[in-house]
Amino acid sequence: MMRQMARAATTTDAFNAVAEPRRRQILDVLARGEAPVNDLVARLDLAQPQVSKHLRVLREVGLVEVRDAGRQRMYRLNGRSLKPIHDWVTNYERLWSERFEQLDVLLDELKEAKHREKEDGDDDQ
């Protein structure tokens, strides 16, 4: 019998919260500026209850802030809370950059070797 591990709550931290694609879409929209729920509903083509649920999760982990503006609640991105994610991804970005540089060097070497082969083949004729 296989034991199932308990699934981590999506509200525990920013990493879990942004693992959900719709929440990332909401963050993308809010990165362009503050917006009320109805604008998010229209832009994302989601039902209002879904957007509200995702906003609640994002608020609970601190990725989104809300303020009252008359009868509307305006949501905005809290960039400071994205810093741990940025820092984590930056480590991988360095690794990727190093590997791409190594790949560029290898490709240059292969091109040079092919060019030399071609020149050597032209000399034989």
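Calculation notes
In this numbering scheme, every chain counts its residues from 1 along its sequence in written order. Only residues with pLDDT of at least 70 are given local features in this predicted model, and only at 80 or more are side-chain atom pairs given and counted; all residues enter the totals for whole chains, interfaces and linings. Only hydrogens and water are removed before side-chain values are computed, so all heavy atoms of the structure are retained for them. We count a stretch as a helix when DSSP gives it H or I for four or more residues in a row; a strand needs E for two or more, and each element gets its number in order from the N terminus. Accessible area is worked out with a 1.4 Å probe on protein chains only. A residue is then buried under 20% of its type maximum, exposed over 50%, and partly exposed in between. In the analysis that follows, any N or O atom pair within 3.5 Å is treated as a polar contact, provided that within protein one partner can donate a hydrogen and the other can accept it, and provided that, for residues neighboring in sequence, both atoms belong to side chains. Note on definitions: a residue-residue contact is assigned when non-hydrogen atoms from the two residues lie within 4.5 Å. In this text, buried Ala, Val, Leu, Ile, Met, Phe, Trp, Tyr and Cys residues form a nonpolar core when linked through side-chain atoms within 4.5 Å.

K.L.:
Would you take a moment to explain the side chain of Asn 78 for this structure?
P.N.:
Residue position: Asn 78 is located in the loop between β3 (72-77) and α5 (83-123). Judged by relative accessible area, which is 10%, Asn 78 ranks as buried. In this structure the side chain of Asn 78 is engaged in a polar contact, spanning 3.0 Å, whose partner is the backbone oxygen of Gly 62. Ignoring anything within four residues of it in the chain, the contact list for Asn 78 reads Gly 62, Leu 63, Val 64 and Glu 65.

K.L.:
Just to check I follow, could you spell out the nonpolar core for this structure?
P.N.:
Note on soluble globular proteins: their nonpolar side chains tend to be buried together. Counting residues in each nonpolar core, the largest one holds 22 residues, and the members touching the most others are Leu 30, Leu 40, Leu 55 and Leu 63. When residues of this core are traced back to their parent elements, those giving at least two are α1 (14-17), α2 (21-31), α3 (37-44) and α4 (48-60). Once you skip the residues sitting within four places of it in the chain, Leu 40 turns out to touch Ile 26, Val 29, Leu 30, Ala 35, Asp 45, Val 51 and Leu 55.

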